[in-house]
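Close look at the chain arrangement
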Amino acid sequence: MSIKLSILDQSPISEGSTATESLKYTAELAKKAEEWGYTRFWVSEHHDATTLAGSSPEILMAHLATITSTIRIGSGGVMLPHYSAYKVAENFKLLETLFPGRIDAGVGRAPGGMPRATYALNNGEYRDVKKFPQQVDDLTMYLNDTMPPDHPYFGLKATPLTKEAPPVWMLGSSPSSAALAAEKGLHYMFAQFINGEGGPSSAAHYRKAFIPSASLQKPYQAVAVFFACAETDEEAERIISSLDLSLMMSAQGMPSKGTPSPEKAMAYSYSDFEKPYILENRKRIIIGTPKTVRAQIEKLAQEFGADEVMLVMIAYDFQDKLKSYELIAKEML
């Protein structure tokens, strides 16, 4: 079974480390991902998050595309309701001009942070997410220079002008995002690492309801999932223990100074309430040796009918992270 593999990196910051170090690691991982044969490398948008360094994906994308040469670079994603669709289009058209044929414009509806960051991004106003479908239309119109004559801004160009427009990806973790991607004829990425339930049914609806567009004639669907891969199951469990504790702390609003070490995570005494939560979270995590992980990736792709699987990894030790991506690349690419 031939499956494309890609990477979403959220530039996580480990306890005792810094954002500078985290972004350096993201850059190093992007170069290695290209060397190992991954299809695309995306970066995320998070605000007011002291444990994740990626707040402006377009800026980070420019750096990553500069230090690589062939791998696709994208946003996973730009949280469109915060911004002007026109300005977002200009950002991506500039990236497309600098790095033709290598840019993905991934967009989402989520806030990417807590309410105070949302208010700050919107000048103290509520986000009007009801405008999101229209914003998506506006973004694709600006990117493809297809503004209708009756548009109030007719004649306006998102510059620089490009021969090709970067593809727009709809990112989501719910049936509504799948329906919107199908309606607009966009690529679709289901965030299994955010929501471990309902993904296959959302993907099936996307494929069934897909309406061809000028930029995409048939559905193209992918799924993003947490993972950890090691030479032994025991080592994989050791690495993933950091994520287990991080997710549990986040869910309970516990303060965090970054991704905890495996030693700290494995020494943590989970309560009877917390243990089931950890097990539930494993629905959105693929873990094990290369052969085990390959089997799980193939199973996931089959369940989703996915053309591609995007791997997301949060680990305390960057070398563990590098090794995980290298091991599964050697197994599958």
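Residues numbered from 1 in each chain as written. Predicted model: local features only at pLDDT ≥ 70, side-chain atom pairs only at ≥ 80, totals over all residues. Heavy atoms only, no water.

Here we look at the overall build of the protein
Our working rule: Elements are defined by DSSP. Helices are runs of H or I of four residues or more, strands are runs of E of two residues or more, and each kind is numbered from the N terminus. Values of the radius of gyration come from C-alpha atoms, whereas the globule rule sets the reference at 2.2 Å times the count of residues to the power 0.38. Each residue is placed in one exposure class: buried if its accessible area under a 1.4 Å probe, protein chains only, is under 20% of its type's maximum, exposed if it is over 50%, and partly exposed if it falls in between. It only takes one pair of heavy atoms within 4.5 Å for two residues to be counted as in contact. The Shrake-Rupley method, run with a 1.4 Å probe, gives the accessible areas here. Residue values count only the displayed protein chains as cover. His residues and chain termini do not enter the charge count, which takes Lys and Arg as positive and Asp and Glu as negative. In this description, the location of a charge corresponds to atom NZ of lysine, CZ of arginine, CG of aspartate or CD of glutamate.
A count of helical and extended segments in the protein gives twelve helices and ten strands. For the protein, the C-alpha radius of gyration of 20 Å lies close to 20 Å, the compact-globule estimate for 333 residues. Structurally, the protein occupies a C-alpha span of about 65 × 45 × 40 Å along its principal axes. Counting the 333 residues in the protein, one finds 52% classified as buried. The contacts of the protein with a sequence gap of at least 6 include a subset with a gap of at least 24, amounting to 73%. Accessible area for the protein stands at about 15,200 Å²; split by element, carbon and sulfur atoms hold 55% of it. Both charge centroids of the protein, one from 33 positive and one from 39 negative side chains, sit 3 Å from each other.

Describing the environment of proline 166
With respect to the helices and strands, proline 166 occurs in the loop between helix H5 (132-144) and strand S6 (168-172). C-alpha of proline 166 to C-alpha of threonine 70: the two residues are 96 residues apart in sequence and 15 Å apart in space. The residues contacting proline 166, other than those within four sequence positions of it, are Phe92, Glu96, Ile103 and Leu143.

Points about the packing of aromatic side chains
Two aromatic rings, taken as a pair, are described by how far apart their centres are and by the angle between their planes. As a reminder, the rule being used: In this analysis, rings of Phe, Tyr and Trp, with Trp reduced to its six-membered ring, are considered paired at centre separations within 6.5 Å, and the interplanar angle assigns stacked below 30 degrees, edge-to-face beyond 60, and tilted for intermediate values.
Under the counting rule described, the total for this entry stands at eleven aromatic pairs. For the pair tryptophan 42 and tryptophan 169, a centre-to-centre distance of 5.1 Å together with 85 degrees between the ring planes defines the contact as edge-to-face. Pair noted here: tryptophan 42 is in strand S2 (residues 40-43) and tryptophan 169 is in strand S6, with a separation of 127 residues, a long-range link. A residue is classified by how much of its surface remains accessible, and tryptophan 42, at 1% relative accessible area, is buried. For tryptophan 169, a relative accessible area of 1% translates into the label buried.

Quick notes on unusual backbone geometry
At the junction of glycine 76 and glycine 77, the peptide bond is cis and its omega measures out at 0 degrees in the coordinates. Inspection of the secondary structure puts glycine 77 in the loop between strand S3 (72-75) and strand S4 (78-79). Following threonine 159, the chain continues into proline 160 via a peptide bond in cis, with omega recorded as 5 degrees. Inspection of the secondary structure puts proline 160 in the loop between H5 and S6. Of note in this structure, serine 11 is not a glycine but carries a positive phi near 50 degrees. By secondary structure assignment, the location of serine 11 is in the loop between strand S1 (4-9) and helix H1 (19-36). The phi torsion at aspartate 145 lies on the positive side, around 55 degrees, for a residue other than glycine. Tracing the backbone through its elements, the reader meets aspartate 145 in the loop between H5 and S6. In this structure aspartate 145 comes out as partly exposed when scored by relative accessible area, which is 37%.

Some remarks on the environment of arginine 116
Tracing the chain through its elements places arginine 116 in helix H4 (residues 115-121). Counting along the chain gives 111 residues from arginine 116 to leucine 5, while the straight-line C-alpha distance between them is 35 Å.

Concerning the packing of helix H11 (residues 290-304) against helix H12 (residues 318-332)
As a reminder, the rule being used: A fitted line through C-alpha atoms serves as each axis, taken over the contacting stretch for helices, and the angle formed by two N-to-C directions is quoted from 0 to 180°. For classification purposes, angles smaller than 35 degrees are called roughly parallel, those larger than 145 roughly antiparallel, those between 65 and 115 roughly perpendicular, and all remaining angles oblique. If you view the pair so one helix is near and one far, a crossing is left-handed when the near helix is turned anticlockwise from the far one by less than a right angle, and right-handed when it is turned clockwise. Each residue receives one of three labels: charged for Asp, Glu, Lys and Arg, nonpolar for Ala, Val, Leu, Ile, Met, Phe, Trp, Tyr, Cys and Pro, and polar for the others, Gly being one of them.
It is at 9 Å that the axes of H11 and H12 come closest, and there the two elements cross at 70 degrees. Here H12 runs roughly perpendicular to H11, going by the angle between their axes. As H11 packs across H12, the resulting crossing turns out to be right-handed. Packed against H11, whose contacting residues are Pro290, Lys291, Val293, Arg294, Ile297 and Glu298, the element H12 presents Leu327, Ile328, Glu331 and Met332 at the interface. In the contact of H11 with H12, the residues fall into six nonpolar, no polar and four charged.

Focus: the nonpolar core
Here is the rule: We define the nonpolar core as a collection of buried residues of types Ala, Val, Leu, Ile, Met, Phe, Trp, Tyr and Cys that are connected through side-chain atoms lying within 4.5 Å of one another.
Formed by 94 residues in total, the largest nonpolar core has its most connected members in Tyr38, Phe41, Ile297 and Val309. Per-element accounting of this core gives the leading share, eight residues, to strand S8 (residues 221-229). Apart from residues no more than four positions distant in its own chain, valine 309 is found in contact with Ile3, Lys4, Leu5, Ser6, Val223, Val225, Ile297, Leu300 and Ala301. Among the nonpolar cores identified, the runner-up in size contains five residues, and Leu245, Met248, Met249 and Ala265 belong to it.

Quick look at H5
Inclusion rule: Residue count minus one, scaled by 1.5 Å, sets the expected span of a helix.
Here H5 is 13 residues long and its end C-alpha atoms lie 18 Å apart, about the 18 Å a rise of 1.5 Å per residue gives. Those residues of H5 that fall on the buried side of the exposure criterion are Phe132, Gln135, Val136, Asp138, Leu139, Thr140, Met141, Tyr142 and Leu143. Buried-residue contacts for H5 involve helix H3 (85-98), strand S5 (103-108), S6 and helix H6 (175-184). Phi turns positive one or two residues past the end of H5, at aspartate 145, with a value near 55 degrees.

What to know about the pairing of strand S10 (residues 308-312)
Our working definition: Two strands are said to pair when DSSP picks up at least two bridges between them.
With five of its five residues buried, S10 lies for the most part within the structure. On S10, burial covers both faces: Glu308, Met310 and Val312 on one face and Val309 and Leu311 on the other are all buried. With five bridges joining them, S1 and S10 adopt parallel strand pairing. Directly across from isoleucine 7, in S10, lies its bridge partner leucine 311. Summarising the sheet, S8 and S10 pair through five bridges and their orientation is parallel.

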